[in-house]
Amino acid sequence: MQLSGLLDILRDSEVYRALLAALQARAPLPDQGVARAARSFALAALARDWDGPVIFLTGRIDRAYNVSEQLPAWLGDAASVYRFGEPAPAFYERAPWGESAIRSRLAALAALLPPDDFAAAARPVIVTSARAVMQRTLPPAAFRRATLTLRPGARRPPETLMRGWLAAGYEPVSLVIEPGTFSRRGGIVDIFPLAADRPVRIEFFDDEIESLRAFDPSTQRSAERLEQVVIPPAREALPEAGPPLAAHLAGWLAGLPAEAADAASPLGDAEPLANGAAFPYLEHYLPYFYSNPVSLLDYAPDNALIVVDDWGELRDTVAALEEHALAARAEKLAAGQLPPDHPLPYLTWDALAEELESRAGVHLGRGLGAADDDESGAAGDEPLLGVLFAPEERFGGQLRPLATRLRGLQKDG
């Protein structure tokens with residue numbers, strides 16, 4: 001279903017245009033008091049009109065998922081909507097992040113940080129949650145260093161390319177089907193970039209790239225030629241940082257009890273860390289790899305707009321996650337399951353709030369301590385966008401009564 005035409009109703013209103021002008025002037029704004037059900041609609045209008053990336057930040061994971069599913073209906077299929085996902089484990093928990101979370105996060109980071117010589121196809125809209133944005137990630141400079149742009153005619157020895165891909169977290173396979181993998185057959189190298197929809201076939205003449213072609217992973221048949229291909233890193237924790245960390249942790253690992261020497265304990269991580277290899281628990285050590293705490297917000301350019309779903313809810317969610325993380329750290333330290341010097345794996349509320357307040361942004365909720373649910377609309381004294389929305393009768397998915405009601409409203413002005 002395409003609803004993008006309805007955005008003009010909001011975009012033509014004087015209240016909305018005043019809000020947009022205030023945002024462009026970086027003027028301070030009060031919370032907008034928009035009913036929760038209308039916020040995806042308001043977000044879509046802002047994404048349509050804002051000259052830069054838009055990041056939507058909400059406290060709840062389910063809310064982030066719902067908004068990311070709704071936006072294509074408001075913005076159309078051509079919209080570049082990315083879901084910056086949450087790692088599966090809690091903070092300090094040694095467990096795999098999950099492939100879908102890793103892919104979604106790296107695709108969003110790549111969309112916010114295209115190479116200098118590669119124009120982004122569209123202004124991205126990033127939808128994320130408190131848990132996802134708290135998680136520390138690799139610095140933008142490291143992301144850029146690990147990103148490679150290939151073009152026909154360039155001299156790129158295949159062995160050098162593959163060594164670089166291993167260091168960036170890609171894994172060698174016999175047949176490229178999944179993102180984050182590569183293979184070689186003579187003068188042909190296949191790779192599936194993490195942020196791409198399809199894998200790429202690189203044909204070499206000696207060390208020179210003769211052609212770049214997308215191909216279908218199910219049939220392995222080549223398709224159209226490509227003028228250039230951008231290959232971002234495949235992990236937020238780059239395996240190349242593993243060997244120094246293995247040496248640093250050697251004393252602590254040696255002190256673990258013998259019964260812990262299996263793949264379910266940190267002892268099982270010593271060898272892949274020392275070898276600079278990708279392995280399922282690599283992201284657990286990410287805080288060691290980069291001394292400067294960095295989040296998604298550090299990837300946002302100066303012209304990015306930060307849209308906060310509800311400031312109070314965001315603050316409370318971050319506080320709860322911090323409290324849970326501190327308890328988990330104490331428990332794991334007492335059990336000898338965490339090195340005493342394990343760095344903080346997340347950004348605190350103070351750090352996040354300071355970054356958010358320094359950006360162009362708007363809070364769509366009702367303000368601290370105000371009621372906010374799906375039933376009630378904005379009160380008459382609510383500022384700006386909130387006055388444009390009010391609850392309606394429920395139509396239960398029946399389109400004919402809805403259309404009749406809309407025609408009546410239109411007739412009445």
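Rules used throughout
- Residues numbered from 1 in each chain as written.
- Predicted model: local features only at pLDDT ≥ 70, side-chain atom pairs only at ≥ 80, totals over all residues.
- Heavy atoms only, no water.
- Helix = DSSP H or I, 4+ residues; strand = E, 2+ residues; numbered from the N terminus.
- Rg over C-alpha atoms; globule rule 2.2 N^0.38 Å.
- Lys, Arg positive; Asp, Glu negative; His and termini not counted.
- Charge placed at Lys NZ, Arg CZ, Asp CG, Glu CD.
- Pairing = 2+ DSSP bridges.
- Axes fitted to C-alpha atoms, helices over the stretch in contact; angles between N-to-C directions.
- Buried < 20%, exposed > 50% of the residue type's maximum accessible area, 1.4 Å probe, protein only.
- Phe/Tyr/Trp six-rings, centres within 6.5 Å; stacked < 30°, edge-to-face > 60°.
- Contact = heavy atoms within 4.5 Å.
- pLDDT = per-residue confidence, 0-100.
- Core = buried A, V, L, I, M, F, W, Y, C linked by side-chain atoms within 4.5 Å.
- Salt bridge = Lys/Arg side-chain N within 4 Å of Asp/Glu carboxyl O.
- Polar contact = N/O pair within 3.5 Å; in protein donor to acceptor, adjacent residues only side chain to side chain.

Enquirer: Would you mind showing me how to read the overall build of the chain here?
Expert: What the chain contains, in helices and strands, is 14 helices and 13 strands. Over its C-alpha trace the chain gives a radius of gyration of 24 Å, about what one expects of a compact globule, namely 22 Å for 413 residues. Mean positive and mean negative side-chain charge positions of the chain (39 and 57 charges, respectively) differ by 5 Å.

Enquirer: Whenever I open this one, the sheet that holds strand β13 (residues 361-363) confuses me. Can you help?
Expert: Hydrogen bonding along the main chain pairs the strands of a sheet, whether they run parallel or antiparallel. Here we have five strands laid out as an open sheet, ordered β2-β3-β1-β12-β13, and parallel in their pairing. Looking at which strands have only one partner, the edges of the open sheet turn out to be β2 (81-84) and β13. The average undirected angle you get between the axes of adjacent strands in this sheet is 20°. Strand direction decides the pairing type here: strand β12 (residues 305-308) and β13, joined by three bridges, are parallel. Bridging from a neighbouring strand, Ile 306 pairs with Gly 361 of β13.

Enquirer: Any chance you could explain unusual backbone geometry here in plain terms?
Expert: Glycine aside, residues mostly have negative phi angles, and peptide bonds mostly take the trans form. Within the chain, Arg 26 stands out as a residue other than glycine whose phi angle is a positive 60°. One non-glycine residue, Tyr 92, adopts positive backbone phi at about 75°. Counting through the fold element by element, Tyr 92 comes out in the loop between β2 and α5 (99-112). We classify Tyr 92 as buried; its relative accessible area is 4%.

Enquirer: Can you help me understand the packing of aromatic side chains in this one?
Expert: Within this structure, the stated rule accounts for seven aromatic pairs. For the pair Phe 41 and Trp 74, a centre-to-centre distance of 4.9 Å together with 55° between the ring planes defines the contact as tilted. With Phe 41 in helix α3 (residues 39-49) and Trp 74 in helix α4 (residues 61-75), the pair connects residues that are 33 residues apart, well separated along the chain. The same class applies to Phe 41 and to Trp 74, which are both buried.

Enquirer: Before we go on, may I ask you to explain the sheet that holds strand β9 (residues 208-215) in this structure?
Expert: Overall, mixed pairing links the six strands, which are arranged β5-β6-β7-β8-β9-β10 in an open sheet. Each of the sheet's edge strands pairs with one partner strand only, and the pair in question is β5 (171-172) and β10 (222-225). As judged from the two bridges shared by β5 and strand β6 (residues 181-185), these two strands associate in the parallel manner. Bridge pairing in β6 links Glu 171 to Thr 181. The sheet strands contacting helix α8 (residues 158-167) are β5, β6, β7 (188-191) and β8 (200-205), and the helix crosses β6 at an angle near 160°.

Enquirer: Whenever I open this one, the confidence of the model for the chain confuses me. Can you help?
Expert: The predicted coordinates of low-pLDDT regions are not to be read in fine detail. Per-residue pLDDT for the chain has a mean of 90; in total, 92% of the residues score no lower than 70. Ignoring residues within four places in sequence, the model shows residues 369-383, a span with pLDDT below 50, making 33 contacts including any to other chains.

Enquirer: Is there a simple way to think about the environment of Gly 396 in this case?
Expert: For Gly 396, the position within the fold is in the loop between β13 and α14 (399-411). The exposure class assigned to Gly 396 is exposed, which follows from its relative accessible area of 74%. C-alpha of Gly 396 to C-alpha of Glu 86: the two residues are 310 residues apart in sequence and 32 Å apart in space.

Enquirer: For this particular structure, what's the right way to read the pairing of strand β3 (residues 125-129)?
Expert: One face of the sheet, then the other: side chains in a regular strand alternate in exactly this way. In terms of residue burial, β3 counts as a mostly covered element, since five of its five residues are buried. The side-chain alternation of β3 yields two buried faces, one formed by Val 125, Val 127 and Ser 129 and the other by Ile 126 and Thr 128. Pairing of strand β1 (residues 54-58) with β3, which is carried by five bridges, proceeds in the parallel orientation. Of the residues in β3, the one forming a bridge with Leu 57 is Thr 128. Examined bridge by bridge, β2 and β3 share four bridges and lie parallel to one another. In the strand pairing of β3, Phe 84 is matched with Thr 128.

Enquirer: Whenever I open this one, the nonpolar core confuses me. Can you help?
Expert: Here is a general trend for soluble globular proteins: nonpolar side chains tend to be buried in one another's company. Of all hydrophobic cores here, the largest spans 74 residues; its most connected members are Leu 150, Trp 165, Tyr 170, Ile 202 and Phe 289. Element by element, the count of residues in this core is highest for α5, at six residues. Once residues within four sequence positions are removed from consideration, Tyr 170 is found in contact with Trp 165, Gly 180, Thr 181, Phe 182, Ile 191, Phe 192, Pro 193, Leu 194, Ile 231, Pro 232, Pro 233 and Ala 234. Formed by 32 residues, the second largest nonpolar core is a distinct cluster that contains Ala 47, Val 54, Val 67 and Val 362.

Enquirer: I tried to follow the pattern of salt bridges on my own but got confused; where do I start?
Expert: A side chain of one charge can pair with a side chain of the opposite charge when the charged atoms of the two come close. Going through the model one piece at a time under the given rule, you end up with 22 salt bridges. The residue Glu 236 makes a salt bridge to Arg 105 at a minimum N-O spacing of 2.6 Å. Of this pair, Glu 236 sits in the loop between β11 (229-231) and α9 (242-254) while Arg 105 is found in helix α5, placing the two residues 131 residues apart along the sequence. Taken together, the salt bridges that share partners define one network made up of Arg 36, Arg 39, Arg 63, Asp 309 and Glu 313.

Enquirer: Help me understand the side chain of Gln 220 in this model?
Expert: Note on placement: Gln 220 falls in the loop between β9 and β10. For Gln 220, the side chain forms a polar contact with the main-chain oxygen of Val 176, separated by 3.1 Å. Within the local environment of Gln 220, its side chain forms a polar contact with the backbone oxygen of Pro 217, the two atoms lying 2.9 Å apart. Excluding anything up to four places from it in sequence, Gln 220 contacts Leu 175, Val 176, Ile 177, Asp 190, Arg 201 and Phe 215.

Enquirer: Is there a simple way to explain the pairing of β1 in this structure?
Expert: The buried fraction of β1 amounts to five of the five residues, a majority that puts the element mostly inside the structure. Neither face of β1 is left uncovered, since the one carrying Val 54, Phe 56 and Thr 58 and the one carrying Ile 55 and Leu 57 both have all their residues buried. Bridging between β1 and β12 involves four bridges; their strand directions are parallel. Bridge assignment links Leu 57 to a residue of β12, and that residue is Val 308.

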